[in-house]
Amino acid sequence: MLEAAIVIAAVAVGSGLAMIAGLGPGIGEGYAAGKAVEAIGRQPEAENSVRTTMILGQAISESTGIYSLAVALLMIFSFGFPMFNKLMELLG
Amino acid sequence: MEARVLFHISSLPITETVFFTWVIMVLLTLVSIVFTRNLKTIPRGMQNILEVAVDGIENLVHKDMGKRGSGYVPLILTIALFILTANLISIFPGTFAPTQDLNTTAALAIIVFLVAHGSEIRVKGLGPYIKTYFQPYFWMFPINVVGEIAKVLSHAFRLYGNILGGTIIIGILYMFAPYVLPVPLMAWFGLFMGVIQTAVFTLLAVAYIQVRLE
């Protein structure tokens, strides 16, 4: 019983901590968007290529945040839920 | 989160991923057969759309790899169309986007990896290919190997994570307000992110092949 509760608590804290990595892409993409806006300001006619490059760069830099999301989701769905069901069975 | 097993074909479990992959394969095959029967020089209707797709990918590959890249256009176009359709069908209720399952994205990433390295071996020969792992210093070998593996892993995980994350968020919102709240989010995660992730996966696939052929 206690072990199940400990695992659930650990999963909850762990997935929360994993999501801290979402901070990185947030800053990175914001910075990239800022630079893109400046570039478009300087050369309005280059808007299309700047926008495509910005979106591509942001999508690639987003991958680290997505890895932390994947880690958090995997923890919750492969450790959290089974253990939670087991705890419910134990509690009857 | 795991794909449910829908039915068995003589003891072989067919999961949702495989089933919907077949659905997409049939869909794409039908579209490519039905709409390319009487091609006209002045394209009309569906032929326009298909030509936009083919031209777009062809320009992309030629811009990046030059003339010798034209051999890869069919592969890149198939990958792009499959992933685009896979990402977009998750809008319809009751469907399961194959790209939501790591197996699909890992398989696609491994295909791109094998094509890239295989064509390098074909073009440059095995010796120079092995030598590239010892650039610029011989002790760089493990780092280069890990770099290659990291490329494949990040290529697969990026698509998987994005699509899975979007689907789960929409799934959770389904529990609160089934057909009202998730719709705008579905437009964002399903459509916009779906198209963006398709573009990213395809562009990276071209880039990975091109960097090996350099």
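This text follows the structure it describes.
Description of the structure in this document. (Residues numbered from 1 in each chain as written. Chains lettered and ligands numbered in written order. Predicted model: local features only at pLDDT ≥ 70, side-chain atom pairs only at ≥ 80, totals over all residues. Heavy atoms only, no water.)

## Topic: the overall build of chain A
Then comes step 1: From N to C terminus, chain A includes four helices and zero strands.
Then comes step 2: Traced from its N-terminal end to its C-terminal end, chain A shows the element sequence α-α-α-α.
Then comes step 3: The C-alpha atoms of chain A give 21 Å as radius of gyration, which overshoots the globular expectation for 92 residues (12 Å, by more than 25%).
Then comes step 4: Along the first, second and third principal axes, the C-alpha set of chain A runs to 65 × 15 × 15 Å.
Then comes step 5: Within chain A, buried positions represent 24% of all 92 residues.
Then comes step 6: A separation of at least 24 residues holds for 84% of the contacts in chain A among residues at least 6 apart in sequence.
Then comes step 7: When the accessible surface of chain A is totalled, it reaches about 5700 Å², and 74% of it is carbon and sulfur.
Then comes step 8: On chain A, the mean spot of the 4 positive side-chain charges and the mean spot of the 7 negative ones are 7 Å from each other. (Helix = DSSP H or I, 4+ residues; strand = E, 2+ residues; numbered from the N terminus. Rg over C-alpha atoms; globule rule 2.2 N^0.38 Å. Buried < 20%, exposed > 50% of the residue type's maximum accessible area, 1.4 Å probe, protein only. Contact = heavy atoms within 4.5 Å. Areas by Shrake-Rupley, 256 points an atom, 1.4 Å probe, with all protein chains shown as cover. Lys, Arg positive; Asp, Glu negative; His and termini not counted. Charge placed at Lys NZ, Arg CZ, Asp CG, Glu CD.)

## Overview of the nonpolar core
Generally speaking, a soluble globular protein has its nonpolar side chains buried in company with each other.
Residues and elements named next belong to chain B.
Then comes step 1: In this structure, I57, V61, M65, I76, I83, F201 and I209 are the most contacted members of the largest nonpolar core, which totals 34 residues.
Then comes step 2: When contributions to this core are tallied by element, the ones reaching two or more residues are α1 (16-34), α2 (46-65), α3 (73-88), α4 (102-124), α6 (141-176) and α7 (182-213).
Then comes step 3: The element contributing the most residues to this core is α7, with nine residues.
Then comes step 4: When residues no more than four places from it in sequence are discounted, the contact partners of M65 are Y72, V206, I209, Q210 and L213. (Core = buried A, V, L, I, M, F, W, Y, C linked by side-chain atoms within 4.5 Å.)

## Comments concerning the pairing of strand β1 (residues 5-9) of chain B
Residues and elements named next belong to chain B.
Then comes step 1: Inspection of the sheet shows β1 paired to strand β2 (residues 12-15) by four bridges, in the antiparallel sense. The residue of β2 that forms the bridge with H8 is P13.
Then comes step 2: Counted between consecutive antiparallel strands, the loop separating β1 from β2 contains two residues, among which S10 sits at a positive phi close to 45°. (Pairing = 2+ DSSP bridges.)

## Describing the side chain of Q58(A)
Then comes step 1: Here Q58(A) shows up in helix α3 (residues 47-61).
Then comes step 2: For Q58(A), the contacting residues outside a window of four places in its chain are E29(A), A32(A) and A33(A).

## Comments concerning the packing of α4(B) against α6(B)
A pair of packed helices can be characterised by two numbers: the angle between their axes and the separation between those axes.
All names here are of chain B.
Then comes step 1: One can describe the packing of α4 onto α6 by two numbers: an axis separation of 8 Å at closest approach and a directional angle of 145°. Two packed elements cross with a definite hand, and for α4 against α6 that hand is right-handed. Mapping the contact onto sequence places L102, T105, A106, A109, I110, V112, F113 and H117 in α4 and E148, V152, H155, A156, F157, L159 and Y160 in α6.
Then comes step 2: Among the residues making up the contact of α4 with α6, the classes are represented as eleven nonpolar, three polar and one charged. (Axes fitted to C-alpha atoms, helices over the stretch in contact; angles between N-to-C directions. Left-handed = near helix turned anticlockwise from the far one by under 90°. Nonpolar A, V, L, I, M, F, W, Y, C, P; charged D, E, K, R; others polar.)

## Here's the deal with the interface of chain A and chain B
Then comes step 1: Listed per partner, the contact involves 13 residues of chain A and 16 residues of chain B.
Then comes step 2: Summing the contributions of chain A and of chain B, the shared interface buries around 1200 Å²; its carbon and sulfur component is 82%.
Then comes step 3: Interface area lost by chain A to chain B is led by I66(A), Y67(A) and F77(A), which between them contribute 31%.
Then comes step 4: Applying the counting rule to chain A against chain B returns zero salt bridges.
Then comes step 5: Along the contact surface separating chain A from chain B lie zero residue pairs in polar contact (both at pLDDT 80 or more).
Then comes step 6: Mapped onto the side of chain A that touches chain B, the elements with two or more residues apiece are α3 and α4 (63-91) of chain A.
Then comes step 7: Ranked by the residues each element gives to the side of chain A that touches chain B, the list is headed by α4(A), at eight residues. (Buried area = accessible area lost by both parts, 1.4 Å probe. Salt bridge = Lys/Arg side-chain N within 4 Å of Asp/Glu carboxyl O. Polar contact = N/O pair within 3.5 Å; in protein donor to acceptor, adjacent residues only side chain to side chain.)

## Side note on the pattern of salt bridges
Then comes step 1: In total, this model carries seven salt bridges over all chains according to the counting rule given.
Then comes step 2: Its salt-bridge partner being E38(A), residue K35(A) comes within 3.7 Å of it at the nearest N-O pair. Separated by three residues within a single helix, K35(A) and E38(A) lie in helix α2 (residues 23-42), roughly one turn from each other.
Then comes step 3: Through salt bridges with shared partners, a single network forms among E120(B), K124(B), E148(B), K151(B) and R212(B).

These results come straight from atomic positions and should not be treated as a statement about function.
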